[in-house]
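Observations on chain architecture
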Amino acid sequence: MLDQAHPETEKILTDRRLVKYKPFAKLVEAAAREQKIGAGRIFREIVGLTARKAGLTADEYFAYRVYRADLSRTEKREFVGARGSFELNRKLSPPGLTQMRGFLGDKFGFPALLQQTGLPTTEIQAAFTTDRFIGSLPALKNATDIVSFLSETAKFPLFGKPVKGAQALGTIRIDAVDAASDSAKLHDGRVVAISALSEEIVRDFPDGYLFQSVVEQHPVLTETAGEILATMRMVTVIEDTAPTLLYALWKMPSPKAMSDNFWQDGSMLSWLNVETGQVERCVTGGGSDQKEISIHPVSGKALLQMRMPHWAEATDLVKKAHALFPVNGCLGWDVAIGKDGPLIVECNTNPGHDFYQIGTGRGALNPEMQAVFSRVITRNKGMIASLTKRKYKIGR
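This one's a predicted model, so the numbers in the text were calculated from it and none came from an experiment. (Residues numbered from 1 in each chain as written. Predicted model: local features only at pLDDT ≥ 70, side-chain atom pairs only at ≥ 80, totals over all residues. Heavy atoms only, no water.)

**Focus: the overall build of the chain**
Rules: For the purposes of this entry, the term helix denotes a DSSP run of H or I that reaches at least four residues, the term strand denotes a run of E that reaches at least two, and both are numbered from the N terminus. As a reference, a globule follows 2.2 Å times the number of residues to the power 0.38, and the radius of gyration itself is taken over C-alpha atoms. Here the term buried applies to any residue with accessible area under 20% of the maximum for its type, exposed to any over 50%, and partly exposed to those in between, with areas from a 1.4 Å probe on protein chains only. The criterion used for residue contact is that any of the two residues' heavy atoms lie within 4.5 Å. Note on charges: Lys and Arg go in the positive column, Asp and Glu in the negative column, and His and the chain ends are not counted at all. Charge placement uses NZ in Lys and CZ in Arg. For Asp and Glu, CG and CD serve respectively.
A count of helical and extended segments in the chain gives 13 helices and 14 strands. Whereas a compact globule of 396 residues would reach a radius of gyration of roughly 21 Å, the chain reaches 22 Å, a difference of no more than 12%. Considered along the principal axes of its C-alpha atoms, the chain spans approximately 65 × 65 × 40 Å. The buried share of the chain, taken over its 396 residues, is 50%. For the chain, long-range pairs separated by at least 24 residues make up 62% of all intrachain contacts whose partners lie at least 6 apart in sequence. Between the averaged position of the 50 positive side-chain charges in the chain and that of its 44 negative side-chain charges there is a distance of 10 Å.

In structure tokens, the structure reads:
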């Protein structure tokens, strides 16, 4: 029997909505104290930056440390929040051209396409779905089916995530189960009832839920960052005809987390050199709690100057994946480095550029990035004009 399960009134699956955030007054106080600036200056900057059409929210102003005294007014305006990032991505991949956003973000359908084209991706063991045909994979229709799968046929360790979801919402890693006691041991040390977990999945994620084999991570990354999969966010663009890698970051999970999303306390984010895969900068924490680190706090391994294994293969992989849908001017990729090489975990049609801003300390609309974005947008305009012209000729 596994250790005693937690009370079933607690949420089992990862839920960012349960995170407690600092009150606005505390954020102002901490930022002013850290940078030795007045609260009045902070208020004026927030008003100016949030008033823009695609401006920052007050929370984003603090999260991206836009209050820093070393940033000029121009540099502060180069930061984008979720709204600005969304508007930017609509220009980089216009909806009129990119009509398969739903498919690219489908955590079941898109990996199936990757497998068909020979591009490495994660292994799905089963899925909870009430309406989808999933071929030879086990289709779990209800909580009873999920219990049976977890108790009888699942291969552990196992990672679970919603078909529709983001930022690790609803994820879980299960290391073992004891069917006799209806208990599952999670990687974060908790022991929960299999039946309660199954009911929560069905209740909270009616659109579907995937059960995947845990990726056996490259030993170099495991020795440095721990057993939980530490993926890279790689963003590709097409400025002319072929995809190129715009930027990349390595997401290292908190020692207590079951996934690598940066919002979880203790997680780390490293900015990678796109040519070499070398760690150029690493941070942990957000806002005034952020600090740069050079040594992993648990393993003691050096982070700066470390190079990602199989970097050339990873870069080639995301370029090929992007080339499957060349009408998209910008796509984000979550990429794992397994023991035998890289594999794609997910595709993001609206890659939030917050990781870039946190990892580099610069706004996503800095001159270098703006130059790339301009070329992508110019390409898109040309494609739309050509498409419009062809439609006119056909209609005539």
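**Concerning the sheet that holds strand β7 (residues 209-213)**
Pairing between the strands of a sheet comes from backbone hydrogen bonds, and it takes one of two forms, parallel or antiparallel. Under the convention used in this document: Note on pairing: two strands pair once DSSP finds at least 2 bridges between them. Inter-axis angles, ranging from 0 to 180 degrees, are taken between N-to-C directions of lines fitted to C-alpha atoms, where helices are fitted over the stretch in contact.
One open sheet accounts for seven strands, arranged β2-β1-β7-β3-β4-β5-β6; its pairing is mixed. At either end of the open sheet lies a strand with only one pairing partner, and these are β2 (139-140) and β6 (191-193). Direction of pairing for strand β3 (residues 158-162) relative to strand β4 (residues 172-178): antiparallel, over a ladder of three bridges. Considered in β4, the bridge of L158 is made with I174. Where helix α9 (residues 194-204) meets the sheet, its contacts fall on β1 (124-128), β4, β5 (183-186), β6 and β7, and the angle it forms with β6 comes to roughly 70 degrees.

**Notes on the pattern of salt bridges**
Selection criterion: Throughout this description, the term salt bridge denotes a Lys or Arg side-chain nitrogen within 4 Å of a carboxyl oxygen of Asp or Glu.
For the structure on display, the rule yields 21 salt bridges. The closest approach of N and O atoms between D106 and R132, which form a salt bridge, is 2.9 Å. Linking D106 in the loop between α6 (101-104) and α7 (109-117) with R132 in the loop between β1 and β2, this pair joins segments that are 26 residues apart in sequence. Close ionic contact of K339 with D340 constitutes a salt bridge, the shortest N to O distance being 3.0 Å. Under the relative-accessibility criterion, K339 is labelled partly exposed at 41%. A single salt-bridge network, built from bridges that share partners, covers K11, E200, R203 and D204.

**Here's the deal with the packing of aromatic side chains**
Test applied: Any pair of Phe, Tyr and Trp rings, taking the six-membered ring for Trp, is counted once the centres come within 6.5 Å. Such a pair is stacked with planes under 30 degrees apart, edge-to-face with planes over 60 apart, and tilted for the rest.
Inspection of the entire model under this criterion finds 13 aromatic pairs. On the numbers, 6.3 Å between centres and 50 degrees between planes, the contact of F103 with F325 is tilted. Within this pair, whereas F103 is found in helix α6, its partner F325 is found in the loop between α11 (311-323) and β13 (330-338), the two being separated by 222 residues in sequence. Overall, the relative accessible area of 28% leaves F103 in the partly exposed class. Look at F149 and F211: their rings are 5.4 Å apart centre to centre, the planes differ by 50 degrees, and that puts the pair in the tilted class. Taken together, the positions of F149 in helix α8 (residues 143-153) and F211 in strand β7 put the pair 62 residues apart, joining distant regions of the chain. Residue class for F211 comes out buried when judged on its relative accessible area of 1%.

**Some remarks on the layout of surface pockets**
Operational definition: Grid points spaced at 1 Å over the protein atoms alone were grouped into cavities, where a 1.4 Å probe fits but cannot get out, and pockets, open sets with protein on both sides within 12 Å along at least five of seven lines, with lining residues defined by an atom within 4 Å of a point. Grid points are joined across faces, edges and corners, and a volume is the space filled by probe spheres set on the points. Classification convention: Asp, Glu, Lys, Arg as charged; Ala, Val, Leu, Ile, Met, Phe, Trp, Tyr, Cys, Pro as nonpolar; all other residues, Gly among them, as polar.
Roughly 310 Å³ of volume is contained in the second largest pocket. Secondary structure elements with two or more residues in the lining of the second largest pocket: α5 (82-92) and α13 (367-395). Across the lining of the second largest pocket, the residue classes tally to seven nonpolar, two polar and six charged.

**Side note on the confidence of the model for the chain**
Rules: The predictor attaches a confidence to each residue, and that confidence, scored 0 to 100, is pLDDT.
Scored by pLDDT, the chain comes out at a mean of 90, with 92% of its residues at no less than 70. Confidence drops under pLDDT 50 across residues 3-8; counting only partners more than four residues distant or on other chains, this segment forms nine contacts. Within the model, pLDDT remains below 50 along residues 392-396, and this stretch shows zero contacts once partners closer than five positions in the same chain are excluded.

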